[in-house]
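Residue strings, one per chain:
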Amino acid sequence: MIHTAITDLLYGFTVALEPHNLMWCFVGVLVGNMVGVLPGMGPLATISILLPLTFGMKAVPAILMLAGILYGGQYGGAICSILLNLPCHPPHAVTCLDGFPMTKQGRGGVALGVTVIASFIGASWGITEMIFLSPLLVKAALQFGPAEVCSLMLLGLLAGSTLARGSPLKGVAMTLIGLFLGSVGTDLETGSERFTFGMTELDDGIELIALALGLFGIAEFMSSVNQVAPINTRYTHVRLRDMRPSLADLKKAFFPMWRGTIVGSLCSLIPGTGPTIASFVAYAAEKKVSKTPEKFGTGMLEGVVCPEAATHSSIQGDFIPTMSLGIPGDAVMALLLGALMIQGIVPGPQLISQHPDIFWGLVASFWIGNIILVILNVPLIGIWCKMLAIPYRFLYPSAMFFVCIGVYAANNDFFQVGEVAVLGLVGYVLLRLGFHPAPVVLGFVLGPRFEENFRRAMLISRGDFSVFVTRPISAVFVGMCVILVGTQIYVRLRAKGPAKNDTGHTDASPPITQQMAPQRIPVTPAE
C-alpha cells in the first residue's frame, strides 16, 4: 500500500509541476494570501468571484487554483489576527486571544514566524493523511448502495448545518433553503418543471455561480459598506529578522504544535466541523493540558501555534471526504465540489480511478503550494503588513466590479445578473437577521444528489423506508445523525439552566469568543 501511494504521489508531482498547472497553483496561493491579509475579504467570497474564470480552464489547473486560494487565505488571515486583533476569518478568532497580546509585548514577529512553521507542519500532516486515508475510504465507499449514500449525505447536511456558527435551528433552516433552491428547474426523471414560475430561464435550475456571487459577493458588500473606520496599524511594522524565533520558543511550541495538528486532523474526518471548530477545540484542549492555564490570553505562544496548526491540518483533511466521498464539510468545500461539477466531473469513489490526474495532482500541489506560501510569507511580510491599511471604500467597489463582470461573462446572460442581484438582497436580509447563508450552498450542492439517491433507494426497496435502518452501514450513519441531533438538543437544554457555584451564584462566564475585544470585526460568511 505504501509503495502504491508513493508511486501515485510521484505521478501527482509530474502533473502539478507542469508549467501551466504550477502557474495556476502559484496564482491561487498568491491571491489567497492577499485576500487573507485584507480585512473583510475571505476565501469563500474570493472563490465565488473567481469561479467564472474556471469555465474556460481545464479541470486540473482550475481546482489547483481554487484550492490554493482556500489554504492560502488561512496563512494571510493569521497576520491580521496577530497584528491587529482583527479575526477577519472565523478560524483565526481564537488566535487573537494570545496573538495580539504577544504583539503588544513586542513579540508579534515571533508569533508570525512560529505560526508559519506550525501552519506548514499542520498542512503536511493533513496532506499525508489524505494520501493514505482517501484510498481506504474509496474502497469502503465502493460498497455503498443508494441507501448508504443517502444516509451519508444526510449526515453531512445535518453536521454542516448544526455545527455551523450561530443557532443550529438557523443552520438547519438555511440548509433547507439550499435544498429548495437545488430543486428548482426541470426534474430529470419526470421532465416536469418545478418552482420555475413560468420562467424558461430557470428550466436548467439556478446557477451555482449566481448563488455564490449573490450570497457571498453582493450580500457581503452590502453588510460591510458602512465600515469606514480606519484600521490601527500601530503594531504592523514587522521586519524579517523579527520573525526568527529563538530555540526556547521552538521548544515551547513543539508539543502544542503537534497536539493542535492531531486535533485538526481528527476534526476534519467529521463532516461539517471545518477549521473553525477545529481551532477552538484545539485551543480549549491545549489550555486543559497546560500547567499554567491562567496565563492563556496574556500572550502565550502555545495559544497561537496550537489553533493555527489545527486550522491548517483540518483544511487539508477536509479534502478527504470531499474528494473521496463527494461530501463537502462546509460551504467552501461545497463550492469546490460545484467547480468540479461544472467541469463535468462528479467527486466520489470513482474520482481517484477515473481522474487520477485531478486527485493526485491536487495532493502534490498542496505541498508545492504550502512551500510557496512559506517563501511568500517570510520575506514579503512588510508588503502584507502595508496591505492591512487598504480602506473598504476602495476594496469593495473593486470586488463588486469583478462580481458583475464575472457573472455576465459566464454565459453572456443578463438574467443571471438579475439572479445575483435578487440572491444578494436575500443574503443581506439573512445576514441582518443572524442567518449565516453558508449552509445554503451545502444544501444546494448536495440536495440534487441526495434526492437522486433517495429515489433510487425507494425504487429498490419498493417504497420501504426501513431500508435505511436494515442495511448495516446505512443504519450506522442514521444512528450518527440521531446522536448529532440529540447532542445539540442536550447542549441547548443545558445552556438554558447554568449551574450554580459554591456561593450560590450562577456561573455565567462568557464564552471564549466574547472574551476578545477586537477593534473591528467585519461580517464574514462561515468557512
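The rules we used
Residues numbered from 1 in each chain as written. Predicted model: local features only at pLDDT ≥ 70, side-chain atom pairs only at ≥ 80, totals over all residues. Heavy atoms only, no water. Helix = DSSP H or I, 4+ residues; strand = E, 2+ residues; numbered from the N terminus. Buried < 20%, exposed > 50% of the residue type's maximum accessible area, 1.4 Å probe, protein only. Areas by Shrake-Rupley, 256 points an atom, 1.4 Å probe, with all protein chains shown as cover. Salt bridge = Lys/Arg side-chain N within 4 Å of Asp/Glu carboxyl O. Expected span 1.5 Å × (residues − 1). Axes fitted to C-alpha atoms, helices over the stretch in contact; angles between N-to-C directions. Left-handed = near helix turned anticlockwise from the far one by under 90°. Contact = heavy atoms within 4.5 Å. Nonpolar A, V, L, I, M, F, W, Y, C, P; charged D, E, K, R; others polar. Core = buried A, V, L, I, M, F, W, Y, C linked by side-chain atoms within 4.5 Å. Patch = residues over 30% accessible without salt bridge, like charges linked within 9 Å, V, L, I, M, F, W, Y side chains within 5 Å. Phe/Tyr/Trp six-rings, centres within 6.5 Å; stacked < 30°, edge-to-face > 60°. Lys NZ or Arg CZ within 6 Å of the ring centre and 35° of its normal. pLDDT = per-residue confidence, 0-100. Parallel < 35°, antiparallel > 145°, perpendicular 65-115°, else oblique.

## Some remarks on the overall build of the chain
Here is step 1: Helix and strand content of the chain: 22 helices and two strands.
Here is step 2: Burial analysis of the chain (527 residues in total) assigns 55% to the buried set.
Here is step 3: On the chain, roughly 22,500 Å² of surface is accessible, and the fraction owed to carbon and sulfur atoms is 67%.

## Quick look at unusual backbone geometry
Here is step 1: The phi angle at phenylalanine 195 is positive, at roughly 55 degrees, despite the residue not being glycine.
Here is step 2: Here phenylalanine 195 falls in the partly exposed class, since its relative accessible area comes to 43%.
Here is step 3: Of note in this structure, arginine 462 is not a glycine but carries a positive phi near 60 degrees.
Here is step 4: Locating arginine 462 in the fold gives a position in the loop between α20 (438-461) and α21 (467-470).
Here is step 5: Judged by its relative accessible area of 79%, arginine 462 falls in the exposed class.

## Observations regarding the pattern of salt bridges
Here is step 1: Tallied over the full model, the rule gives eight salt bridges.
Here is step 2: A salt bridge links arginine 455 to glutamate 451; the shortest N-O distance between them is 3.4 Å. Remark: glutamate 451 and arginine 455 occur in helix α20; sequence separation between them is four residues, near one turn of the helix.
Here is step 3: For glutamate 451, a relative accessible area of 23% gives the class partly exposed.
Here is step 4: Because the salt bridges share partners, they merge into one network encompassing Asp187, Arg194, Glu451 and Arg455.

## So, the side chain of serine 279
Here is step 1: Tracing the chain through its elements places serine 279 in helix α11 (residues 274-289).
Here is step 2: A residue is classified by how much of its surface remains accessible, and serine 279, at 0% relative accessible area, is buried.

## A look at helix α12 (residues 302-317)
Here is step 1: The end-to-end C-alpha separation of α12 is 22 Å, in line with the 22 Å expected for 16 residues at 1.5 Å each.
Here is step 2: When you tally the buried positions in α12, you get 16 out of 16 residues, the bulk of the element.

## Quick word on the packing of helix α10 (residues 247-268) against α12
Here is step 1: Relative orientation of the contacting elements α10 and α12 amounts to 35 degrees, with a least axis distance of 7 Å. For α10 against α12, the interelement crossing comes out right-handed. Residue-level contacts link Lys252, Ala253, Pro256, Met257, Gly260, Thr261, Gly264, Ser265 and Ser268 of α10 to Glu302, Val305, Cys306, Ala309, Ala310, Ser313, Ser314 and Gly317 of α12.
Here is step 2: When grouped by side-chain class, the residues that make up the contact of α10 with α12 number seven nonpolar, eight polar and two charged.

## Side note on the environment of proline 43
Here is step 1: Topologically, proline 43 is positioned in helix α3 (residues 43-50).
Here is step 2: Judged by its relative accessible area of 0%, proline 43 is buried.
Here is step 3: Considered as a pair, proline 43 and asparagine 33 are ten residues apart in the sequence and their alpha carbons are 9.3 Å apart.

## A few points about the nonpolar core
Here is step 1: In terms of nonpolar packing, the biggest core is built from 81 residues, with Phe319 and Met323 touching the most fellow members.
Here is step 2: Non-local contacts of methionine 323, meaning those with residues more than four positions away in its chain, are made with Met130, Leu340, Pro347, Gly348, Leu351, Ile358, Phe359 and Leu362.
Here is step 3: Ile79, Leu83, Met102 and Leu112 belong to the second-largest nonpolar core, a separate cluster that totals 18 residues.

## Considering the environment of phenylalanine 468
Here is step 1: With respect to the secondary-structure elements, phenylalanine 468 resides in helix α21.
Here is step 2: A residue is classified by how much of its surface remains accessible, and phenylalanine 468, at 11% relative accessible area, is buried.
Here is step 3: Linking phenylalanine 468 and serine 151, residues 317 residues apart in sequence, is a C-alpha distance of 7.2 Å.
Here is step 4: With sequence-adjacent residues up to four places away left out, phenylalanine 468 is seen in contact with Ala147, Cys150, Ser151, Phe454, Ala457, Met458, Ser474, Ala475 and Val478.

## With respect to a nonpolar patch on the surface
Here is step 1: Taken together, Trp125, Ile262, Leu266 and Leu269 make up a surface patch of nonpolar side chains, about 370 Å² in accessible area.
Here is step 2: Here isoleucine 262 is to be found in helix α10.

## Side note on the environment of proline 356
Here is step 1: Mapping proline 356 onto the fold places it in helix α16 (residues 356-377).
Here is step 2: Apart from the residues lying within four places of it in its own chain, the contact partners of proline 356 are Tyr11, Leu351 and Gly361.

## Description of the side chain of glutamate 286
Here is step 1: Structurally, the position occupied by glutamate 286 is in helix α11.
Here is step 2: Glutamate 286 has contacts with Pro256, Arg259, Phe296, Glu302 and Cys306, leaving out every residue within four places of it along the chain.

## Notes on the packing of aromatic side chains
Here is step 1: Per the counting criterion, the structure on display carries ten aromatic pairs.
Here is step 2: Look at phenylalanine 180 and phenylalanine 195: their rings are 4.9 Å apart centre to centre, the planes differ by 65 degrees, and that puts the pair in the edge-to-face class. Of this pair, phenylalanine 180 sits in helix α8 (residues 168-182) while phenylalanine 195 sits in the loop between β2 (193-194) and α9 (208-224), placing them 15 residues apart in sequence.
Here is step 3: Across the ring face of phenylalanine 435, the terminal group of lysine 170 is positioned such that the distance to the ring centre comes to 5.1 Å.

## Considerations on α3
Here is step 1: Extensive coverage of α3 is indicated by the burial of seven of its eight residues.
Here is step 2: Buried within α3 we find Pro43, Leu44, Ala45, Thr46, Ile47, Ser48 and Ile49.

## Some words on the confidence of the model for the chain
Here is step 1: For the chain, per-residue confidence averages 77 on the pLDDT scale, and 81% of positions sit at 70 or higher.
Here is step 2: Here residues 502-527 is modelled with pLDDT under 50, and outside its nearest four sequence neighbours on either side it reaches 66 contacts, counting other chains as well.

## Quick notes on the packing of helix α4 (residues 59-84) against α12
Axes are the key here: two packed helices are described by the angle between their axes and the distance separating the axes.
Here is step 1: Axis separation between α4 and α12 bottoms out at 10 Å; the angle between their running directions is 165 degrees. Considered as vectors, α4 and α12 are oriented roughly antiparallel to each other. In the crossing of α4 with α12, the sense of the turn from one axis to the other is right-handed. Judged by residue contacts, Leu70, Tyr71, Gln74, Tyr75, Ala78 and Ile82 of α4 engage Val304, Glu308, Thr311, His312, Ile315 and Gln316 from α12.
Here is step 2: The residue inventory of the contact of α4 with α12, partitioned by class, reads seven nonpolar, four polar and one charged.

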